[in-house]
Amino acid sequence: MQSATSTASNVVLVTIDSLRADAIGNENGVSPVLDGLADEGVVFDGALAQGNWTPFSFPSILGSRPVFAERPDIGLASTPSLAERLSEAGFATAGFNAANGFLTDPWGYDRGFDKFEPFVDSAGYSKYLAAHPTVQAWVQLATSPFRRAATFLRGGSDARPFADISRMGDLEDHAVRFLQETEDGFFLWVHYMDTHTPYVPAPRHLREVADTRLNLFRMLSSHVRTGLGWDVDERTLETLETLYAATVRQVDASVGRILETLDDEGFADETAIVVAGDHGEEFLEHGHLAHYPKLYRELIDVPLFVSHPDGTGGTVSQPVGLDAIPPTVCALLGVEPAAEWEGPVLPLSPDADFEDQSPVVSAAVRGESVTSQPIPRRLDDGELLLSARDERWTYIEHTDTGRYELYDREADPDEQRDLRAETTAERPPAPVVDRLSRAVAEHADRLLEGDDGTAEDGDGGQASDEITARLRALGYQ
């Protein structure tokens, strides 16, 4: 298998919360900067998140180990993290997470970073808005006409949100400052939250993606309906999807400004850019919004591409998990990946001989219902759901009951027809089911064996009040 070549001096890893695979790189043109990077690099269009939400996906993204690999709690495994590996090799490391409380020091995400800022601290009015993002959304939307007029009179730009619920501005400022103060030989990770609910884009970006002008009442009513848990009608769903597209545009513009800084500081020709979504987002494809404990493709299919200064563009179609990110970043920088990591080194050429990594296994934990609160975080908080995917088939198993679902994505790309519940000629041959179910069984056995009951409770008592408030504001009670 051909691996990444070590011709980059630096790597920037951009992760975007709740970014669906189909949110960029399509005909709607909402992400020109990211699309340009993808066109110049290698796109892994079979990329799969290994969890349905951030705390289940990120142990793979920054640690190349699955969630619950060592203990029944979320968080990075004790094996080396990507930042630790690179820091030991002499690279300057910086991580800026836009206020996702799960990606903070109680769960080990600060390990290995020379500079780390999760932006979870706030005070006064900002603290109130951080804990009430829907109110913050209303403030932004209600005041947008006045702010636009004031900005126009001052000759400025309204590209950034007025009420910076996503902390995009802070993240961007810190990333730019790090690039301005750092020499060659760095690893920079930035994690955006704009595309996470409640979808509050700056008015400028909303205007750029909306086919029709959305009125203020329509936007506010969409936030109210979803905030109160009311039924979502077609008009509300369309509004939410438009707001989501505008947040994608907002992230895209911010990434563009970071790329401009790379160019201004003379790093552009020596820096590889890796972009990934940590999981997707549902818009009623299977009956809900956001990212409840499910393993269908709207949550598991994610963007992943690598733009390398000496690489060639193209597409790799084989399924790959996000646990490939740490070893690939190390290979880009000429650092030996940690022996404990489980992901492969991705190729920088679509013509490379790349071994099929499937089936890729993803995990979720479900309570008594899909919408149970609090949302399960620990392995023992509910029933473990596991999926296994190859290039064509999706197998999802409820491990407590043994019930499973089976989808043929070639004939049913939206995973709406459970072939397990049908007796048709379209069902796959027994060896396919055996292979996928065996991958799930082996993964389940491994996680249960890793639960020795000795791990500390990483989300009970260790998280600060600020982090707890941030998580509650994001809907994680």
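Up top is the structure.
Everything quoted here is computed from the prediction, not taken from an experiment.

A. Region of the structure containing the overall build of the protein chain. Scanning the protein chain from N- to C-terminus turns up 13 helices and 16 strands. Considering the protein chain as a whole, with its 477 residues, one finds that 58% of them fall into the buried category. Taking the intrachain contacts of the protein chain between residues at least 6 apart in sequence as the baseline, contacts between residues at least 24 apart amount to 73%. With the model as given, the accessible surface of the protein chain reaches about 19,000 Å², and the carbon-plus-sulfur share is 47%.

B. Layout of the sheet that holds strand β1 (residues 10-16). Spatial strand order, β5-β4-β6-β1-β7-β10-β2-β11: 8 strands in an open sheet with mixed pairing. With one partner strand each, in any of the chains shown, β5 (115-117) and β11 (314-316) form the two edges of the open sheet. Across the sheet, the mean angle from the axis of one strand to that of its neighbour is 10°, orientation sign disregarded. Most of the contacts of helix α9 (residues 234-264) go to strand β6 (residues 186-192), to which it runs at about 165°, and overall it touches β1, β6 and β7 (271-277). Strands β1, β6, β7 and β10 (304-307) of the sheet are contacted by helix α11 (residues 325-332), whose axis makes an angle of about 170° with β7.

C. View of the packing of aromatic side chains. Taken as a whole and assessed by the stated rule, the structure comprises 16 aromatic pairs. A ring pair is formed by Phe113 and Phe187, whose centres lie 6.3 Å apart and whose planes are at 20°; its orientation type is stacked. Here Phe113, found in the loop between β4 (92-97) and β5, pairs with Phe187, found in strand β6; they are 74 residues apart in sequence, far enough to count as distant. Each member of the pair, Phe113 as well as Phe187, is classed as buried. Note on Phe186 and Phe267: the rings are 5.1 Å apart at their centroids and 70° apart in plane angle, and the pair reads as edge-to-face. Placement of the pair is Phe186 in strand β6 and Phe267 in the loop between α9 and β7, with a sequence separation of 81 residues. Using a relative accessible area of 6% as the deciding quantity, one classes Phe267 as buried.

D. View of the side chain of Arg167. In this structure, Arg167 sits in the loop between α5 (133-154) and α6 (168-181). Note on Arg167: relative accessible area 14%, which makes it buried. Side-chain polar atoms of Arg167 contact the side chain of Asp170, separated by 2.6 Å.

E. Inspection of a negative patch on the surface at higher detail. Judged by side-chain charge, Glu260, Asp263, Asp264, Glu265, Asp269 and Asp310 come together as a negatively charged surface patch. Relative to the helices and strands, Asp263 is located in helix α9.

F. Broad picture of the side chain of His291. Position of His291 relative to the elements: it lies in the loop between β9 (289-290) and α10 (297-300). By relative accessible area, His291 is classed as buried at 5%. Separated by 3.4 Å, the side chains of His291 and His196 make a polar contact. In this structure the side chain of His291 is engaged in a polar contact, spanning 2.7 Å, whose partner is the side chain of Glu281.

G. Highlighting the pattern of salt bridges. Taken as a whole and judged by the stated rule, the model has 19 salt bridges. Among the salt bridges present, the one from Glu415 reaches Arg389, with a minimum N-O distance of 3.3 Å. With Glu415 in the loop between β16 (404-408) and α12 (430-450) and Arg389 in strand β14 (residues 383-389), this residue pair connects regions lying 26 residues apart in the sequence. Across the pair, Arg389 and Glu415 agree in class, each one buried. A salt bridge links Arg435 to Asp390; its shortest N-O distance comes to 2.6 Å. One end of the pair, Arg435, is in helix α12; the other, Asp390, is in the loop between β14 and β15 (393-398), with 45 residues separating them in the sequence. Through salt bridges with shared partners, a single ionic network connects Arg20, Asp22 and Glu285.

H. The packing of helix α1 (residues 32-40) against α9, seen in detail. Put simply, α1 and α9 touch, their axes get as near as 7 Å, and they point 60° apart. Classed by the angle they form, the pair α1 and α9 counts as oblique. The segment α1 lies against α9, with Pro32, Val33, Leu34 and Leu37 engaging Arg249, Asp252, Val255, Gly256 and Leu259. Its residues placed into classes, the contact of α1 with α9 shows 6 nonpolar, 1 polar and 2 charged.

I. A look at the nonpolar core. In terms of nonpolar packing, the biggest core is built from 68 residues, with Leu62, Leu86, Phe187, Leu304 and Val329 touching the most fellow members. Looking at which element gives the most residues to this core, the answer is α12, with 7 residues. Excluding residues that lie within four positions of it along the chain, Phe187 makes contacts with Val11, Leu13, Leu82, Leu86, Ala92, Thr93, Ala94, Phe113, Phe178 and Val329. Ile16, Met168, Leu262 and Val275 belong to the second largest nonpolar core, which has 45 residues in total.

J. Spotlight on the environment of Ala331. Residue position: Ala331 is located in helix α11. Separated by 323 residues in sequence, Ala331 and Ala8 have C-alpha atoms that sit 9.3 Å apart.

K. View of unusual backbone geometry. Thr197 connects to Pro198 through a cis peptide bond whose omega is 15°. Mapped onto the fold, Pro198 is located in the loop between β6 and α7 (203-209). The phi angle at Phe68 is positive, at roughly 70°, despite the residue not being glycine. Within the fold, Phe68 resides in the loop between α2 (54-63) and α3 (82-88). A relative accessible area of 1% means that Phe68 is categorised as buried. Phi at Tyr199 takes a positive value of approximately 55°, unusual for a residue other than glycine. Relative to the helices and strands, Tyr199 is located in the loop between β6 and α7. In this structure Tyr199 comes out as buried when scored by relative accessible area, which is 4%.

Conventions and cut-offs
- Here the residue numbers are simple positions, counted from 1 along each chain's written sequence.
- Only residues with pLDDT of at least 70 get local features here, since the model is predicted, and only at 80 or more are side-chain atom pairs given and counted; chain-wide, interface and lining totals rely on the full set of residues.
- The side-chain quantities take in all heavy atoms of the structure and omit both hydrogens and water.
- Each helix is a run of H or I in the DSSP string that is no shorter than four residues. Each strand is a run of E no shorter than two, and both are numbered from the N terminus.
- Each residue is assigned to one of three classes by its accessible area relative to the maximum for its type, calculated with a 1.4 Å probe on protein chains only: buried under 20%, partly exposed between the two thresholds, exposed over 50%.
- Contacts are assigned to residue pairs that have any heavy atoms within 4.5 Å of one another.
- Computed by Shrake-Rupley with a 1.4 Å probe, the accessible areas treat only the displayed protein chains as cover when residues are assessed.
- Between any two strands, at least two bridges found by DSSP are needed for them to pair.
- Throughout, an axis means a line fitted to C-alpha atoms (over the contacting stretch in the case of helices), and angles, computed between N-to-C directions, take values from 0 to 180 degrees.
- Under the pairing criterion, centres of Phe, Tyr and Trp rings, with the six-membered ring standing for Trp, must be within 6.5 Å; the plane angle then separates stacked pairs below 30 degrees from edge-to-face pairs above 60, leaving the rest tilted.
- For the purposes of these results, a polar contact is taken to be a pair of N or O atoms within 3.5 Å, where, inside protein, one atom must be able to donate a hydrogen and its partner to accept one; residues adjacent in sequence count only when each atom of the pair is a side-chain atom.
- Residues enter patches when their relative accessible area tops 30% and they take part in no salt bridge; the joining distance is 9 Å for like charges and 5 Å for the nonpolar side chains Val, Leu, Ile, Met, Phe, Trp and Tyr.
- Whenever a carboxyl oxygen of Asp or Glu lies within 4 Å of a side-chain nitrogen of Lys or Arg, that contact is scored as a salt bridge.
- Charged residues are defined narrowly, with Lys and Arg counted positive, Asp and Glu counted negative, and His plus the chain ends left uncounted.
- Every charge is mapped to an atom, namely NZ of Lys, CZ of Arg, CG of Asp or CD of Glu.
- If an angle is under 35 degrees, it is roughly parallel; if it is over 145, roughly antiparallel; if it lies from 65 to 115, roughly perpendicular; otherwise it is oblique.
- Each residue receives one of three labels: charged for Asp, Glu, Lys and Arg, nonpolar for Ala, Val, Leu, Ile, Met, Phe, Trp, Tyr, Cys and Pro, and polar for the others, Gly being one of them.
- Only buried residues count toward a nonpolar core. Its members are Ala, Val, Leu, Ile, Met, Phe, Trp, Tyr and Cys residues joined through side-chain atoms within 4.5 Å.

Don't take any of this as a statement about function, it's just geometry.
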